[in-house]
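Structure assessment
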Amino acid sequence: MNIPQELKYTKDHEWIKVEGDTVTIGITDFAQSELGDIVYVEVETVDETLDKEEVFGTVEAVKTVSDLYLPLSGEIIEFNESLEDEPEKVNSDPYGEGWMIKVKFSDESQLEELLSADAYKEILGN
């Protein structure tokens, strides 16, 4: 199971890369493997400001559809549009080309609530 040390995580199996006042968000290697073959990623919340834990989109796999929850309050400033044509990037490269959104976060204190790689491993039982 690939769990990069430099990222932050949520109990909902999302990863967060912090870059200044912006974060890049995707789903973890564990999440994509549990979902199976991803066939569609939908994010219709670009340019909207959402609160932490609000649904920002959905990911559809062959057998299920899952909501995606925002790990930090803020404005969704970008969607990885390459996923419209190649949603399988989430399966093949969840921490790279399979990223989903970029958010300009509004509450820096929420970063402290995110999980470290080691804490996320504990949730997975590793």
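Residues numbered from 1 in each chain as written. Predicted model: local features only at pLDDT ≥ 70, side-chain atom pairs only at ≥ 80, totals over all residues. Heavy atoms only, no water.

When helices and strands are tallied, the chain shows four helices and nine strands. In the chain, the order of α-helices and β-strands from amino to carboxyl end is β-β-β-α-β-β-β-β-β-α-α-β-α. Whereas a compact globule of 126 residues would reach a radius of gyration of roughly 14 Å, the chain reaches 13 Å, a difference of no more than 12%. Along the three orthogonal principal directions, the C-alpha set of the chain runs to about 35 × 35 × 20 Å. (Helix = DSSP H or I, 4+ residues; strand = E, 2+ residues; numbered from the N terminus. Rg over C-alpha atoms; globule rule 2.2 N^0.38 Å.)

A separate point is the environment of Gly36. With respect to the secondary-structure elements, Gly36 resides in the loop between helix 1 (29-35) and strand 4 (38-42). Between the alpha carbons of Gly36 and Asn91 there is a distance of 7.8 Å; along the sequence they are 55 residues apart. In this view, Gly36 contacts Ala61 and Asn91; residues no more than four positions away in its chain are not counted. (Contact = heavy atoms within 4.5 Å.)

Val23, Ile25, Ile27, Val41, Phe56, Met100 and Ile101 are the most contacted members of the largest nonpolar core, which has 26 residues in total. Of all the secondary structure elements, the ones that give two or more residues to this core are strand 3 (22-27), helix 1, strand 4, strand 6 (55-61), strand 8 (74-79) and strand 9 (101-105). With sequence-adjacent residues up to four places away left out, Phe56 is seen in contact with Glu14, Ile25, Val43, Glu44, Thr45, Leu50, Leu68, Tyr69, Leu70, Ile76 and Ile101. In terms of nonpolar packing, the next biggest core, distinct from the first, is built from ten residues, Ile3, Leu7, Tyr9 and Tyr120 among them. (Core = buried A, V, L, I, M, F, W, Y, C linked by side-chain atoms within 4.5 Å. Buried < 20%, exposed > 50% of the residue type's maximum accessible area, 1.4 Å probe, protein only.)

Let us look at the sheet that holds strand 6. Here we have three strands laid out as an open sheet, ordered 4-6-7, and antiparallel in their pairing. A strand with exactly one partner marks an edge of an open sheet, and here the two such strands are strand 4 and strand 7 (65-69). Ignoring strand direction, the axes of neighbouring strands in this sheet form an average angle of 20°. Sheet topology places strand 6 next to strand 7; five bridges connect them, and they run antiparallel. Looking at strand 7, one finds that Val55 is bridged to Tyr69. (Pairing = 2+ DSSP bridges. Axes fitted to C-alpha atoms, helices over the stretch in contact; angles between N-to-C directions.)

Below, the discussion takes up the environment of Gly98. For Gly98, the position within the fold is in the loop between helix 3 (89-92) and strand 9. Distance in space between the C-alpha atoms of Gly98 and Asp37 is 13 Å, their sequence separation being 61 residues. Those residues within four positions of Gly98 in sequence are excluded, and the remaining contacts are Asn80, Leu83, Lys89, Val90 and Asp93.

The subject of this paragraph is the UniProt feature "modified residue: N6-lipoyllysine" (unreviewed entry) in the chain. Taking the UniProt record as the reference, the feature "modified residue: N6-lipoyllysine" (unreviewed entry) is found at Lys63. Its relative accessible area of 80% is what places Lys63 among the exposed residues. (UniProt positions renumbered as here; feature names shortened; annotations may be inferred.)

Attention now goes to the sheet that holds strand 8. Across the sheet, six strands lie side by side as 1-2-3-9-8-5; this open sheet has antiparallel pairing. Among the strands making up the open sheet, the edge pair consists of strand 1 (8-9) and strand 5 (49-50). In this sheet, strand 3 lies alongside strand 2 (residues 14-19) in antiparallel orientation, the contact comprising six bridges. Note that in strand 3 the partner of Lys17 across the bridge is Thr24.

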